[in-house]
Amino acid sequence: YYDQQVIWRREKTDGDVESQRIPEELVSFASILKERRDLLLVNDQRRDLKKYPALASLLERNSSLSAVMVPVRTRARWFGAILIENSAVGSFDVAYGRFVAAVADQMALALESQQLFAEAQDQAQRALALAEASQFASRIGEQELTEALTEVFQRIGQAADYTPWLLLLADPAHTRLNYILEHV
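Residues numbered from 1 in each chain as written. Predicted model: local features only at pLDDT ≥ 70, side-chain atom pairs only at ≥ 80, totals over all residues. Heavy atoms only, no water.

(A) View of the overall build of the chain. When you go through the chain residue by residue, the secondary structure sums to 5 helices and 7 strands. Every one of the 184 residues in the chain was classed for burial, and the buried ones make up 28%. For the chain, contacts bridging at least 24 residues in sequence account for 43% of all contacts bridging at least 6. (Helix = DSSP H or I, 4+ residues; strand = E, 2+ residues; numbered from the N terminus. Buried < 20%, exposed > 50% of the residue type's maximum accessible area, 1.4 Å probe, protein only. Contact = heavy atoms within 4.5 Å.)

Put into structure tokens, the structure is as follows:
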């Protein structure tokens, strides 16, 4: 699915949908852009989109005759596409398409940076929890084993965003799991 998040118009109409889901099978934006080498320039959708009837139908539904579409992606990740439409024929040229592509590239870099930063924060939080758990585990002799394991698992579970957890240990013959403790 592609999630269409924003439809912006100078003058809002009653038929405007702020958000809608477009099945990939209906309009394969990625396939169209790959085939068109990352830039789709439509001067008149009635003439230019015979090969892509679903996209023509989408533009027609919005009373659009011309459009430009570029991917929002980096080398590693595909985020989506920007589709800009206009009700007049021939509204966009190659220079405008390049401008939109540059904006899309900047958006993709910002999105990827934000995702990488969030992943790094998660990894740092997990590493810190494991370091704390390791330090705590070295002091287990000071407390009862069950209390110590409970605290270790709570710290790790909190960092990994695991709320319920269960600790089972195999018996010496490895035929059964024995309940040790749990957190629900």
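(B) Expanded view of the confidence of the model for the chain. Considering every residue of the chain, the mean pLDDT works out to 82; 82% of them sit at 70 or more. Considering each helix and strand of the chain separately, the mean pLDDT is smallest for strand β1 (residues 2-4), with a value of 56, and largest for strand β3 (residues 40-42), with 96. (pLDDT = per-residue confidence, 0-100.)

(C) Spotlight on the pattern of salt bridges. The tally for this structure, following the rule as stated, stands at 5 salt bridges. Between E35 and K51 there is a salt bridge whose closest N-O contact spans 2.4 Å. One end of the pair, E35, is in helix α1 (residues 29-35); the other, K51, is in the loop between α2 (45-48) and α3 (53-61), with 16 residues separating them in the sequence. For E35, a relative accessible area of 42% gives the class partly exposed. The salt bridge involving D48 is made with R47; its shortest N-O contact spans 2.9 Å. (Salt bridge = Lys/Arg side-chain N within 4 Å of Asp/Glu carboxyl O.)

(D) Spotlight on a nonpolar patch on the surface. A grouping of Y96, F99, V103 and M107 is seen on the molecular surface, where their side chains present a nonpolar patch of about 340 Å² in accessible area. Topologically, Y96 is positioned in helix α4 (residues 94-137). Residue classification places Y96 among the partly exposed positions, given a relative accessible area of 30%. (Patch = residues over 30% accessible without salt bridge, like charges linked within 9 Å, V, L, I, M, F, W, Y side chains within 5 Å. Areas by Shrake-Rupley, 256 points an atom, 1.4 Å probe, with all protein chains shown as cover.)

(E) Examining the side chain of T74 more closely. Tracing the sequence through the fold places T74 in the loop between β4 (66-73) and β5 (78-86). Owing to a relative accessible area of 12%, T74 belongs among the buried residues under this scheme. Side chain to side chain, T74 and E112 meet in a polar contact 3.0 Å long. With sequence-adjacent residues up to four places away left out, T74 is seen in contact with F79, A108, L109 and E112. (Polar contact = N/O pair within 3.5 Å; in protein donor to acceptor, adjacent residues only side chain to side chain.)

(F) Broad picture of the sheet that holds β3. The antiparallel open sheet is built from 3 strands, whose spatial order is β3-β4-β5. Edge positions in the sheet fall to β3 and β5, since each of these pairs with one other strand and no more. The sheet shows a mean angle of 15 degrees between the axes of neighbouring strands, taken without regard to direction. Packing of α3 onto the sheet brings it into contact with β3, β4 and β5, and relative to β5 it is tilted by some 55 degrees. (Pairing = 2+ DSSP bridges. Axes fitted to C-alpha atoms, helices over the stretch in contact; angles between N-to-C directions.)

(G) Examining unusual backbone geometry more closely. The residue D38 is not glycine, and still its phi comes out positive at about 70 degrees. Following the sequence through the fold, D38 ends up in the loop between α1 and β3. D38 gets classed as partly exposed once you look at its relative accessible area, which sits at 27%. Positive phi, normally seen in glycine, also occurs at H174, with a value near 60 degrees. Relative to the assigned elements, H174 resides in the loop between β6 (165-170) and β7 (177-183). For H174, a relative accessible area of 64% translates into the label exposed.

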